[in-house]
Structures are given as structure tokens and as C-alpha cells.
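# Summary of the model geometry
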Amino acid sequence: MANNCLDTRYRRTKCSDSRKGPLRSWVWCILIKCFIGLPCIFSKCLGLNTTVAMYPETDIAIRYGDPLEIYCIAEDNYTSVDLEFTVNGKTLESEMINETTIRFYKQNPEKQLKVYYCRNKKTAKKCVKRVLVEAPPDDVTDFKCISKNLETLICSWPYPKTNSIVNYTLTFAINGNSVHPLCKAKEGTDIRYCTWDQSSLPRYRQQEETQYFKMTACNVFGCNRQNFTVDHFSIVKPEPPANLKVVKIGPHSIVLKWNVPNNMFDLVTCGLDHIIEYQIAKIDNTTYFHRVDSSSLPPKNKTYKFQLSNLPYAYMQYEVRISIKTKKAVEREFWSDFSFVMFYTASERPNRPPEMIAGAFEISVWEGKRIIYVYWKQLQEYEEAGANFTYKVLYSQGNKTFPVIFPDKNKSLSYVVLNDVSLEALHVRVWSFNSNGSSVNNSEMYIPSEKERNTLSLTSFTKLAYENGTYELSWVGIKNIDNYTLFWCHYNATRICSGRMDFAVIDAKKNNHIIDLPKEYRYQFAISANNGTSTSGMVWAKCDISKDGFAMYRFPAELKYDAPGKSSVNLSWSMNCALQKGIITGYNISYCPIVQTSSVCDESIENKYKYISDPKQMTVLIEGLHSFRTYQFTLSLNTIYGQKNIENATARITTSEDTPTSPINVGVSDIRNDSLVLSWDPPLQRNGLIGKYVIYNYDIEHYVDWVSGTDKTGQDRRRQITLTGLQAFRNYSFTVQACNTAIGMCSKPDPKVGILVRTRIGRPGILTAPTITSDGLKWETAIIPGGTVDAYQVRRIRDDKPSEVFNTSELSYTFSHCEGSVSIETYQVRAINFDTDLNYGVIGIGNVTLPIRSKNDTKDVYYGEWSQPSTMSCRNRGGLTMTFIFLGIFFIIGLIYGSIKLYKRYRKMEDIKPVLPNGLGVPEKDLSKYTFAGWNPTNKDEKPSSDEMLLLPNSKTTVTPPENKQKDNNCAASDHTDSTALSDSSRGAVDRQASTSDDGSNSSLHLEVEPVRTDDSNGAQEKDTSNADSDNSPENSLHFPKAFTKNPASGYVQPVVNPNAFTKNPASGYVQQVVKPATGYVQSAPSPVKSSPSTTSSQPAGSSYVMAALSPPIFTTGVTQPPMANPPKSSSEYVLPAEAQARSMMNFPKIGTSSTKVLGPESLPTMPTLPPPTKHGADSSYIQLQSLDALPSLKPQVRNTVPLKPPISSGYVSPGDVVINKHLNNMLSGSQLADESAILDPTMSPDAYCRFSWSTDPVNDNLHSLLADSTTRTSSKN
């Protein structure tokens, strides 16, 4: 075709050059050209105009050994220079045929299936041809067949690696003829196969001893035919034996029975072979089986029996497997799968006892008794030979044999515990034992006495373990022994071998031993020293240095520590272990803070280590710890074999508390004009329990947030509080301070790092009342603006008219006041805030969440409260002013009048002066010595104060305890007599204290009137009267008409006592004044009466009126006094309570004729509140009454020697009979710091004196109480 194309082109050239002939020549030339050029038109690549074409037009298939030739032709004015051949991207060598054609040629191409390309280099267009170079199929060399139990025959062969498709057919051949239909080979993985069975066509011929096959293999280059011959029964694989079972079982043998498949018995003429194997459970490797000789079995039986004997262990589990094959089969693949059966052999008595060795015991002594752990090496499980296996132990001591004991199966079968064993030697025998009985033999061990055993004690035993399972053991040797026994077992924290124990005998000259054990387990070791029958028993290795990767337990090391500080702790450690010198090269202490109470380190803080290179150093100071954190410290040993961790050398230590750091992540949110939300996270370093958080605004404490001690989660979680009561539109700078309340330490708040925030615009504060000016109002700005204060409102109320409101932005407003008929105008102002800000006026620096105004919310208006009103009166101003003036004048006049009345009243009361017996009155002193001495000027001459003042009632009384009510009123016998100090600082009536000692009486002294024991010589009661002649005579006073007389001895005026003016109150037992029933008043001055008993009045003790002045009461000894010579006339004058210091304390007993009162120690009232005097010094204020016998002029002829009974006398104590010694300097100077009793003279007779105590404080003066409540007394007329 190419030549045709070339010829066409050549002829076309010739036609174009021919100039001969007519027009016909051109027509013929065109027709010839088209006819000849037709093949070139159809040479386009696959019918496409790719500017290139290839020949041959179809794919090229070449038999292996033939040459390969391919043409490539250029089109559309391209030349052969533009063409090339490529395969797999590589350019092939080609030859140029002409201007448009090139050719690829290869004489002997290899077998291939490739794609060749003809490519136009200018247009990059390609034309493609697939080239196959291959030979006819080769012979099958690996043809094989297998018959599965003579039921299915499968023949297979490998599929060859070829570039062409090979089709296989296979069939039987009988007498050289093929049996149809042929089997078309099926495809498998890299194989082809054919299958025949009883239902296939042709059918599987089971009886044939030899099988003949014909195979045909074809491809595109030709076919290959082969013949195969197969020994039929040598390729049969039988089914496993059926119904395999054990028909008889013994301790060491069994009888097996099984059946062979029917096809094997019926069709196989050559017979069968058997394989019988067994495996011992828990002993043999799972892949190992013991094979039994089965050659004695007949070749062709339907049922077989076989006795499997010589099984090594009784009561052990076995597995038996049986496989079969035809006798012609040679390959292992033609053995059947195995059938198996599992069984236990029968049980029997154990064959042997456990192994025991000298020293296989451990002893602990307690209270003279021994607890002994006896060990032995257990039998293997396959040696137990029966169910319920255990050990039987029998021990004896001397001639005594103890009952049989068995080990506890729940703990271990390797030992028994002998409790409460004496310290003497004993023998132990052990048998193996199961349900069939005990072993024939037994093992025996001798345990020496405690005294003998202690002579061989070992002091130190060390174990060093390595990673590969090697253990190095060392100990301190003992001289003069036979050997050592080394024991080991799996590690147990209790150091008791709960599993199997092993042992070995070590030469006596050795003090170390190296042993290799499986590295999958940890082991513990013990050793004993043996000498003849004596042995030390087991000594466990205390210094147990475990292999790398395992923590050491029970190592004799202890980690101690001192009291921890805030950031440091001092550690120390000790080891009770005798290691060889140089084994320990240093110590390493690792520590980390733990999570709560666990032993897990806090991953947020890196673990730290402290290395001590000196093995002799046993202390170290750990610094840089966090306060109030629990750390776990672990001691490790650096040895020549590596670092060894000691698990039990661990300490957990909590450092002391310290100042916490500041809270973190402080934020502000939900800001309003009166509140906001403040939140924060706890400090990174709390350094203790946070008890509270203090919030500061700038540097001022604003709020305290307390953290409950029981709230554990409150220590870790983020806290949030709402601060209320804030001012609107005000700047705040909040800082949070964390406080450890246990130690009172707080973090330091730093205002510089505080969160600055301004609250929202809100309501402005109230303004002050506006100021009314002549032309309007003015006011001050709001103290609390609450915002920008954009406007003000003024409210004016004119009389009762509706209010008017005016708006302004200034601080003043112009008004014309009082326009029209207006009486009063009231003005109030208030401020107004407008909030149009996008953030409601809130600003913040720091972690502040700003509020954002919504688009629909454009403006908020806040009105402040109205101020206090300012009022302006528009008319009637003059009348109001005059009203105030008149009211002021009337007030001044009333004040002056009241002062004058009060002064006159005081002057009247000043004239009331009580009278005391001569010598008991206190002279008036210079009042200028006192603080308020000059407030009451008087024209009277300075002289001692009147005795009458002492009888006026006081506003306060001394409380007398109830137990003192029953005591006699004889003052001579009481150590604590109720009395009153005489106050010199008072110039008026003496106030009486209200008594709380008796509900029915105003008296402070509880005196009772006792029956009188009268004497014939003292039948009448004496009475004294005197006429008072002085400038201030009571007769000239309105309050003392004819009821007073002047005592010539003392010079004082005293009242005349009327015996009928007093009576004893039956309710209270006290004497009080008689109230006149007609008037309800008490007589101001009693009239003298004759010596007669006074009647008892029924008037209550608490009368509202008291006598203004009475004569002093008379102390009597029970002798009746004579009547007064010139008694004054009775007076009808009465004094109102208001004029006589209303509450009188002078509830006197009977006056005049009275019952005899024995004066003795038991009759004096007591005052328990006054302590007895302890010293007689210048600072004691006291009154001492001397005995009458001390006065020479009044000394009686005979003194009564009977105690508590007074001598016969007049029964009175006159002013001349007493001497009053009183240290007034202490009272005046106020130097006495506490009330002290008067000091009594111990030489005086108890019936001749009274002791008084008083206070330097006038308020506590109660002497008048004693005087007022005493029996009636009168002045002597001497």
C-alpha cells in the first residue's frame, strides 16, 4: 500500500509535467490518481484524522520466533521526519522508507504483550497498535489429584505465566479413548482444576486402582496435548476415625475403641495405617504429643481396639489423637484429620512424700511459747495421684505425740503452723495424702530447742536483683557449721511462701550465691545455717534490692522529717541493712505535689529530684516548695547495679500555710446603675485554705466574701458575687484580696492593677433646698450626680393651687415672687439625667463586659428626688414676728419665776437640821475645800453643822442581808455593824438610801424589840428635856413650834420625843411613827408623856408622811427611865412629805417605856458587806466608843464580870461617856480608796462600846439608819 501511495505521488508528478495530449489526458490522469490513492485515504488511524497512521491496520500477533515489522505513515503534508515509534515512553529505532513513511523491524522479539505508538512529533498525535509475541502452550509439569474418602476426585495443575489466554480440557481415558463430555478446567487462584463425584458426567470411578487422564491446552498460536497416569489409592485422604472413645481406664493405662469410614473398609484393598498420640495436660507443651507404636493393628478392620499403657501419672488428664491413611499413601497430606478424646486416669495413693530439708522452718517466740511455720517442697500437681490432695503432719515432743494436722488449703499447701509449742526440741513427720490414702513413706525434720537454735543465728542477709532474672545473694558467714540451706519462692508481702518453695544446699565456706530464675516473677529468699542436727531456721533477706523496674518493698529504710516550713522541709533517713561497702553510691530523693489525698502526682507541676552523692550523708534540706501543698517524697538508692526504688521509704508532708497570691481572672459583668457582678478565679498559689475574699474599691474595703470551711469545692471553683448599693455613673476600681484566715495573712491588693469600671447612668441624687433670691431661685449641683445632669426641674406650689414645673439647664431660675393674692410660695428642685450612650455610660479598663444598647432602645430618662422645700411668705409677716417675740418674753419671765421659787424652797429645807447625841455630830467644815463649796452662799456664821441634819432621811440605803434580820441590835458584839459615815461635803438635809432589805419598811436597820427583863431598882424610865435658847431657835420656825429644846451640854437644838408618836409595826417588826387617822399626817413634834408603854399602831410602815425632826433615839439597857420634868406642849403642826424629804427612814422603835434590851455581841446588827478591819492606820476612818470604866469621873465601884450583861446603871450613854475619834483628814482628802470598818479596841468590854463603819463617799453614808432605828435615848442632864 505504501508503494502504491508512493507510485501515485510519482505518477501525479508525471501528469503534472505532461503537456502532450488534449483535455482527455487530464481526465484520465485524475481518475487513475483517485483509484490508485484510495488505499491512502483508508490508512487513517482508526478512522480518525490524526495526521498519522500505522500498518498493519489490526492488532499484531506474532508467533514466538517470527520477526516483527510495523509501518508509520504521515498525512496532511507532514513528512517522515515528523514521525517516531515509542514503547512505554521510550523511543524506538526506526528506518525511513520515504518522505512520509517509517518502519520498525525486529528479527527475534521476546515474548511480550505491549502497546506500540506511532507519534507525530509536531502535532503530538499518536496512532496505537497492540503487539503480542507468544508461543503455543507449554506442558503441564505439576499435575496431581486427591480423592477425599473415595467420594470426590479433584485434579489440579498450576496455570502458567503467559501473555495469551490458554484454555484447558481434561477427561478420563479408558483403553486409550477419551470419555466425554470433556471437563473444561475451572479457574482457581493460580490454578486450574476439574472435579468428579458420583453425580458428575462422567461419573467418578472409585474402584479403579489406576486412573488415566488426557489434557488439551490451546491458545491463539496452537494447542498442546498431554496424558497422565495416577495411582488411585495412593492419593486417597480418608475421613477421621469415627466413634473414638475410652472403654476402660486404669491409673496408668486405658483401652481405646474406634471405627474406620465405610469407603476405606469396602473399597481400599491395600489396607490402612494408624497414628496414635497422647499429651499430658499442664505438663507437655501444647504442640508436643507422645506417639505410640500402632504397627500391631490389622490393616483392614471395620472396628479397632487398642490398649494405651505406660501412662506416667495417675489421676491426670490426657488427650489422645488417632489418624489413618491408606498403605499406598506416601505424602503427609494424605493422612486423615485426627479424632481425639480427653480423659483422666484413675487415682491411687501418692507415690512419695514431700521433700523436706534441715532448717525449713520459721519461728517466732511470744510469752514463752513458739509459733513455728514448717515448710516443705510441694509435690507437682501431676504427682498428687488423686482427689482431695493435701499433706498430713504429725509432730512429737519428747514422749508426747500431738494430733494430726493438715495445712489450710485456702492459704497454702506448702506449710503448716504449729501454735503454742514449748521451747524444747521436736520432731515433725509429713506424708502426702489424698482420697485413696497416705503415701507409703514420709519425710522427717528435726527442730532444735530454742536455746540450741540461737547459737546459729544469722544477722544479715542481702538480696540484689537484676533485670534479667539474676539474683546475687550475700550474707555474713558463721564459722564451724556444716552448710547453708537457701530457700526461695514467689514474692509475698507477708514473707510467707504461699506457693511452691524450692531450696538448695550451699557450701559452708561461701557467703554469697548467684542464682538465675525466670524473670517473669519476683522471688523472695531465706537462708538457714546448719550444723549436725542443729539449725538456725529460716532468716529472710531484709536488704532486698529488687531488680530495675520493680519497686523494693520491706526494705529496712525509713524516711523521716522535721516540722515543715512554708517552703522547705528537712528530711532524714536510716537503713538497718548491712550492705557490702561500695554497693550504695548515693541517694536520690524524688518529690512532687500530689492530687488531694491520693498518691498521684499533680501533672501541672513538674517532678523534682534531689541527688546526694555522698553515701554517708543521711539528711538533706528540700527547698523551693509551695506553701500548704502536700508533697510525696520517695527515697531511691543509687547502687553499682543502677538506681533502686524503695517503695516503703515514702513520706507525705504538707507544708505550712503562707500568704496566698492574688486571685486571677477578675472580671466585671452585668453592670447596672446600682450594682454589678464581680467574679474571679482562686489564686494559683492558695498556700492554705482561703477563708474569705476582701474586695477593695481603690484602697478602701468594700465587701467581704466569706468562704465556708466545709465548702471544699469553694476552694477551687470560680466565685461570683453581686455588689449592690453602688452609685450611678461613678468610677470604681475593684481589686480582690484572698485571705488565709487561719494565719490571718492576705494577699496584697494592688490598686494599680484593679479593674476600673464606671456604673451606668442612673437617677441623680437629691439636691439641697433652693435658695430664694429677690429675682428667683438658685441651687447647688447634686452631691451624687448619677450621670451627666443634663437638666433641672423647678416645682412651684402657690398656696393650695396645682404645682407648676419649669425646666432649665442652669443652676438658677428667674421668678417674680408673690404675684397676685398668694400667701405662701413653696419651691423644690430636682436634677434629670438623659442616657443616650451606646454603653449606657459604662466604661471599663480590664476584663469588663460592657452592656450594649439595642437599636430600639434610644434613650433613658432618670428623674431625681425633689429637694426639701423652700417656703416664701408673701403677706402677714409682721404679725408672725410679734407672736414669736411675745412667746420669748413669756418664756423668760416663767424661767425667772421658777428659779426664784426653787431657791426659796431650798432655803426652807436648809433649816431642817437633825440632832445627834453629843459627840456623834460632825462639826461643819470650811466648804471652800470642796469642789462645789461655794454654790450656796449664806450669811450665817461658820460653825459645826447641826445634829438634826443626821436624822433626816437619805435617798439611798445600805442593803442588809436577810440573815442579819434575826440578830440582836446590841452593837458591842458585832464585827460588821451597819453604820453610816458622816459626810462633810453636804450642806443640807442628808438623803436616805432606799432600803431593799425589807419590803415593808423604809428602815435600813432591822431591829426587833425584845421583852424587857426589869429590875426593881430600875422601874421608871428617865426622861430629859432642855430649853433651847439660840438665835436660830426652833420655836421661831414654822416647822418647829414648841417641840424642840436646847441641850445645854452640846449646845444643839433637839426635838422632844413623844412616846405615843411611835409604834411597832406587827407586819415588819419595826418601830415607826403614828399617823393620825383623822388627817393622815404625822405630828411634827411629839408631846412628852408620862412613863407608860406606848401602844402599837396599825399604820403600815410605808407611810407617806414623816416627822420633820425627832430627838435622837436612846440606847437603853432595859432600865425604865424617869419621866421628863418639863415636857413641852404637844404640837399640832404637821409637815408634808415634800417639805421634809418625803421618804423617811426613821421608823423608830418604841420610845419612852420600852422593854429591856440586852446589849451583847449577839444583839448587834451586822453588815456582811463590810470586811473586818485588818489594820489600824491613819487611813482608816472609824469611831471608837470608850468604856465608861475608862472615864475616872464615871468609873463604877463594881464592874459586872458576867459577859453580855451590863452593870446596873442608868442605862444611857451620855455625851460625856463616849469619846469619838474620827480620822476626818482621810475623808476630806478622799484618799481612802475603799470602805473600811472602824477599828475596835480589843481591851474594851464588849458591852461598853459599839463599832461603826462608814464610807468617804457621801452617797453611801448610812450612819443615820443605825441612829434612826436604835432604841430611845435622851441626853443626860449632867
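Residues numbered from 1 in each chain as written. Predicted model: local features only at pLDDT ≥ 70, side-chain atom pairs only at ≥ 80, totals over all residues. Heavy atoms only, no water.

## Focus: the overall build of the chain
Counting its regular elements, the chain contains eight helices and 74 strands. Classification of the 1278 residues of the chain by burial places 46% in the buried group. At a minimum sequence separation of 6, the contacts of the chain that also span at least 24 residues come to 71%. Carbon and sulfur atoms make up 51% of the accessible area of the chain, which totals about 66300 Å². (Helix = DSSP H or I, 4+ residues; strand = E, 2+ residues; numbered from the N terminus. Buried < 20%, exposed > 50% of the residue type's maximum accessible area, 1.4 Å probe, protein only. Contact = heavy atoms within 4.5 Å. Areas by Shrake-Rupley, 256 points an atom, 1.4 Å probe, with all protein chains shown as cover.)

## Re the environment of Thr-722
Among the structural elements, Thr-722 can be located in strand β55 (residues 719–723). By relative accessible area, Thr-722 is classed as partly exposed at 45%. As a C-alpha pair, Thr-722 and Val-677 span 45 residues in sequence and 4.4 Å in three-dimensional space. Other than its neighbours up to four places away in sequence, Thr-722 contacts Ser-675, Leu-676 and Val-677.

## Looking at the pairing of strand β20 (residues 242–249)
The two faces of a sheet get side chains in turn, since along a regular strand they alternate between them. The pairing of β20 with strand β21 (residues 254–259) spans five bridges and is antiparallel. The partner of Lys-248 across the bridge, within β21, is Val-255. Between β20 and the antiparallel strand that follows it, β21, lie four residues. (Pairing = 2+ DSSP bridges.)

## Some remarks on unusual backbone geometry
Note: most residues except glycine have negative phi, and most peptide bonds are trans. Residue Pro-181 is reached from His-180 by a cis peptide bond, and omega for that bond is 0°. In this fold, Pro-181 is placed in the loop between β13 (177–178) and β14 (183–184). Here Leu-201 and Pro-202 are connected by a cis peptide whose omega angle stands at -10°. Looking at the element boundaries, Pro-202 is found in the loop between β16 (191–197) and β17 (210–219). Positive phi, close to 70°, is recorded for Asn-77, a residue that is not glycine.

## Focus: the packing of aromatic side chains
In this description, an aromatic ring pair is defined by two values, namely the gap between the centres and the angle between the planes. Per the counting criterion, the structure on display carries 39 aromatic pairs. Relative to Tyr-813, the ring of Phe-806 has its centre 5.4 Å away and its plane inclined at 35°; by these criteria the two rings are tilted. Since its relative accessible area comes to 19%, Phe-806 is described here as buried. We classify Tyr-813 as partly exposed; its relative accessible area is 24%. Connected via pairs of aromatic rings, a cluster forms that spans Phe-143, Trp-157, Tyr-159, Tyr-168, Phe-172, Trp-196, Phe-213 and Phe-228. (Phe/Tyr/Trp six-rings, centres within 6.5 Å; stacked < 30°, edge-to-face > 60°.)

## Some thoughts on the pattern of salt bridges
Within the structure shown, the criterion is met by 30 salt bridges. For Lys-327, the salt bridge is made with Asp-273, and the minimal N-O distance between the two is 2.6 Å. Taken as a pair, Lys-327 in the loop between β25 (317–326) and β26 (339–344) and Asp-273 in strand β22 (residues 272–280) lie far apart in primary sequence, 54 residues in all. Of the charged contacts in the structure, one is a salt bridge between Arg-853 and Asp-835, with a shortest N-O distance of 3.0 Å. Of the two residues, Arg-853 is situated in the loop between β65 (843–845) and β66 (860–863) and Asp-835 in strand β64 (residues 824–835); the sequence distance between them amounts to 18 residues. Per residue, the accessibility class of Arg-853 equals that of Asp-835, and both read buried. Here the residues in one salt-bridge network are Asp-835, Arg-853, Asp-857 and Asp-860, joined through shared partners. (Salt bridge = Lys/Arg side-chain N within 4 Å of Asp/Glu carboxyl O.)

## Brief notes about the sheet that holds strand β24 (residues 303–308)
The strand order across the open sheet formed by three strands is β20-β21-β24, and the pairing between neighbours is antiparallel. Bordering the open sheet on either side are β20 and β24, each of which pairs with just one other strand. Within this sheet the neighbouring strands show an average axis-to-axis angle of 20°, counted without direction. (Axes fitted to C-alpha atoms, helices over the stretch in contact; angles between N-to-C directions.)

## What to know about the confidence of the model for the chain
Detailed reading of the predicted model is not advised wherever pLDDT is low. Averaged over every residue, the pLDDT of the chain is 74; residues scoring 70 or more account for 65%. With pLDDT under 50 throughout, residues 33–43 is counted as low confidence; its partners more than four residues away or in other chains account for 14 contacts. (pLDDT = per-residue confidence, 0-100.)

## A word on the state of the cysteines
Taken as a whole, this structure holds eight disulfides when the rule is applied. The disulfide bridge from Cys-489 ends at Cys-497, spanning 2.0 Å between sulfur atoms. Disulfide Cys-489-Cys-497: the torsion about the S-S bond is -75°, which places it as left-handed. What makes Cys-497 buried here is its relative accessible area of 0%. (Disulfide = S-S within 2.5 Å.)

## Details of the environment of Asn-468
Position of Asn-468 relative to the elements: it lies in the loop between β35 (461–465) and β36 (470–475). By relative accessible area, which is 53% here, Asn-468 ends up exposed. Residues Asn-468 and Lys-519, spaced 51 residues apart in sequence, show a C-alpha to C-alpha distance of 5.8 Å. Within the structure, Asn-468 has its side chain in polar contact with the side chain of Thr-470 (distance 3.1 Å). (Polar contact = N/O pair within 3.5 Å; in protein donor to acceptor, adjacent residues only side chain to side chain.)

## A look at a positive patch on the surface
Residues Lys-901, Lys-904, Arg-905 and Lys-908 make up a contiguous surface patch of positive charge. By secondary structure assignment, the location of Lys-904 is in helix α6 (residues 877–910). Overall, the relative accessible area of 51% leaves Lys-904 in the exposed class. (Patch = residues over 30% accessible without salt bridge, like charges linked within 9 Å, V, L, I, M, F, W, Y side chains within 5 Å. Lys, Arg positive; Asp, Glu negative; His and termini not counted. Charge placed at Lys NZ, Arg CZ, Asp CG, Glu CD.)

## Digging into a nonpolar patch on the surface
There is a patch of nonpolar side chains on the surface, built from Met-882, Ile-885, Phe-886, Ile-889, Phe-890 and Ile-893 and spanning about 600 Å² of accessible area. Examined against the element boundaries, Met-882 turns out to sit in helix α6. By relative accessible area, Met-882 is classed as partly exposed at 41%.

## Things to note about the pairing of strand β8 (residues 112–120)
Inspection of the sheet shows strand β4 (residues 83–87) paired to β8 by five bridges, in the antiparallel sense. If you follow Val-87 over to β8, its bridge partner there is Tyr-116. Looking at chain direction, β8 and strand β9 (residues 126–134) are connected through eight bridges and run antiparallel. Among the inter-strand pairings, Gln-112 is bridged to a residue of β9, identified as Val-133.

## Comments concerning the nonpolar core
Across soluble globular proteins, you tend to see nonpolar side chains buried next to one another. Within the largest apolar cluster, 51 residues are counted, with the highest numbers of intra-cluster contacts made by Phe-143, Leu-153, Leu-170, Trp-196, Phe-213, Trp-258 and Val-320. Residues contacting Trp-196, with those up to four places away along its chain left out, are Glu-151, Thr-152, Leu-153, Cys-155, Leu-170, Phe-172, Cys-183, Pro-202, Tyr-204 and Phe-213. Counting 34 residues, the second-largest nonpolar core is a separate cluster that includes Val-374, Trp-376, Leu-418 and Val-430. (Core = buried A, V, L, I, M, F, W, Y, C linked by side-chain atoms within 4.5 Å.)

## Focus on the sheet that holds β16
Taken in spatial order, the five strands make up an open sheet running β15-β16-β11-β10-β19, and their pairing is mixed. Only two strands of the sheet have a single partner each, and these edge strands are β15 (186–187) and β19 (236–237). Two elements, β15 and β16, share two bridges in a ladder whose sense is antiparallel. By the bridge assignment, Lys-186 is partnered in β16 with Tyr-193.

## Comments concerning the side chain of Asn-224
The topology assignment puts Asn-224 in strand β18 (residues 222–231). Residue classification places Asn-224 among the buried positions, given a relative accessible area of 15%. Among the polar contacts made by the side chain of Asn-224, one reaches the main-chain carbonyl oxygen of Pro-137 at a distance of 3.2 Å. Engagement of the side chain of Asn-224 in a polar contact is seen with the side chain of Asp-139, the distance being 2.5 Å. Other than its neighbours up to four places away in sequence, Asn-224 contacts Pro-137, Asp-138, Asp-139, Met-215, Thr-216 and Ala-217.

## Side note on the side chain of Glu-825
For Glu-825, the position within the fold is in strand β64. Classification of Glu-825 as buried rests on a relative accessible area of 0%. In terms of polar contacts, Glu-825 uses its side chain to reach the side chain of Tyr-827, at 2.4 Å. Filtering out sequence-adjacent residues up to four positions away, Glu-825 remains in contact with Ile-797, Arg-798, His-817, Cys-818, Glu-819, Ser-870, Thr-871, Met-872 and Cys-874.

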